[in-house]
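Structure at a glance
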Amino acid sequence: QVQLVESGGGLVQPGGSLRLSCAASGFSSSRYRMNWYRQAPGKERELVATITSAGGSTNYADSVKGRFTISRDNARNTVYLQMNSLKPEDTAVYYCNARWVMADYWGQGTQVTVSS
């Protein structure tokens, strides 16, 4: 059974940090491009960060460049999103996505709330 399970979300004050994890099971994620998306209330889902299968290339939304870092550990079938200097506008549900050829898998999401 293919699963992506996100963890690490929560409530954090502005300027704080969180590290999200996405554990894949039921398939080997090493061939997949892994992505983090987010969706804030009343807004469309947006791509936050992406990493290639070997981890050699990453890309970020302009709004998070310099603050977020995506990484992966293919041996653990896990991808991470380190989020620093968090802002209230980063509040959203964060989703993990795995994509390769015709396959497109999604996790259920983890809530990140940035508030004082």
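Scroll up a little and you will see the structure.
Here's a quick rundown of the structure. (Residues numbered from 1 in each chain as written. Predicted model: local features only at pLDDT ≥ 70, side-chain atom pairs only at ≥ 80, totals over all residues. Heavy atoms only, no water.)

**Digging into the packing of aromatic side chains**
If you walk through the whole model with that rule in mind, you get 5 aromatic pairs. A ring pair is formed by tyrosine 37 and tryptophan 106, whose centres lie 4.9 Å apart and whose planes are at 55°; its orientation type is tilted. Here the residue tyrosine 37 occupies a position in strand 4 (residues 33-39), and tryptophan 106 occupies one in strand 10 (residues 103-106), the gap between them amounting to 69 residues. Site record: aromatic cluster; members linked through ring pairs are Phe27, Tyr32, Trp100 and Tyr105. Sitting over the ring of tyrosine 80, arginine 19 keeps its end group 4.0 Å from the ring centre. (Phe/Tyr/Trp six-rings, centres within 6.5 Å; stacked < 30°, edge-to-face > 60°. Helix = DSSP H or I, 4+ residues; strand = E, 2+ residues; numbered from the N terminus. Lys NZ or Arg CZ within 6 Å of the ring centre and 35° of its normal.)

**Observations concerning the pairing of strand 9 (residues 92-100)**
Sheet topology places strand 4 next to strand 9; 7 bridges connect them, and they run antiparallel. Considered in strand 9, the bridge of methionine 34 is made with alanine 98. In this structure, strand 9 lies alongside strand 11 (residues 110-114), joined through 3 bridges in antiparallel fashion. Each residue of the ladder has a partner; that of valine 93, found in strand 11, is glutamine 111. Bridging between strand 9 and strand 10 involves 4 bridges; their strand directions are antiparallel. Paired with tryptophan 100 across the bridge in strand 10 is alanine 103. Between the antiparallel neighbours strand 9 and strand 10 lie 2 residues, among them valine 101 with a positive phi of about 55°. (Pairing = 2+ DSSP bridges.)

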